Amino acid sequence: MTTLPLATGNLPLPRWAYVPGETVEADADYETLAQVTALVPSRFGGHVPARHPALRLNDHGYFWESQEILEAVWAAAPQGGRERILLRACIQIATANLRLRMQKPHAAARLLGEALADLKALGLRNAGGDGFADGFPVLALAELVKVKLGRPQLAKADWVAFGSVSRT
């Protein structure tokens, strides 16, 4: 099993990426997903840490798994915080990436549009902390999503990696 460094240990990567419609749901690597989910606390105190590893799953092509973990992080994030807006946008992007892999470009474009709206809303809210949303390159990610949406037709290769945007 491949692992990535995590501030408090290792973030295990699933042994394979689950893609609905290509494999049966029982083929998802639920064992590894449970290990990663166990790294998410029931509640984050004050903010989601700036270096939370949940985004790494998306960047390694585990879109379905990323969506699942990001939803758990979103649920544990403080209510009304900037992190929840950014996490919702990241969930939509991971889901759009999955739809691209499933060759559903129209659904992916709709999800990317929703993510872009959240990223714009996030840009209007005050920053100034050390949370996940404060250190994240929101403007660069929004610009990348705009570029993807400006294409006449999205393809599998148009998926968005969070790590591909430069950190501010």
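Residues numbered from 1 in each chain as written. Predicted model: local features only at pLDDT ≥ 70, side-chain atom pairs only at ≥ 80, totals over all residues. Heavy atoms only, no water.

Caption draft 1: Local environment of the packing of aromatic side chains. Using the criterion set out here, one finds three aromatic pairs in the structure. For the ring pair Y30 and W64, a centre distance of 6.0 Å and an interplane angle of 85° mean the geometry is edge-to-face. Highlighted residues: Y30 in helix α1 (residues 30-37) and W64 in helix α3 (residues 63-76), separated in sequence by 34 residues. Its relative accessible area of 38% is what places Y30 among the partly exposed residues. Since its relative accessible area comes to 10%, W64 is described here as buried. A connected cluster of aromatic rings, assembled from ring pairs, spans Y18, Y30 and W64. Of note, R84 hangs over the ring of W74, and the distance from its end group to the ring centre comes to 3.7 Å. (Phe/Tyr/Trp six-rings, centres within 6.5 Å; stacked < 30°, edge-to-face > 60°. Helix = DSSP H or I, 4+ residues; strand = E, 2+ residues; numbered from the N terminus. Buried < 20%, exposed > 50% of the residue type's maximum accessible area, 1.4 Å probe, protein only. Lys NZ or Arg CZ within 6 Å of the ring centre and 35° of its normal.)

Caption draft 2: Molecular detail of the side chain of D29. Mapped onto the secondary structure, D29 falls in the loop between β2 (9-12) and α1. A relative accessible area of 3% places D29 in the buried class. Among the polar contacts made by the side chain of D29, one reaches the main-chain amide nitrogen of R15 at a distance of 2.8 Å. For D29, the contacting residues outside a window of four places in its chain are P14, R15 and W16. (Polar contact = N/O pair within 3.5 Å; in protein donor to acceptor, adjacent residues only side chain to side chain. Contact = heavy atoms within 4.5 Å.)

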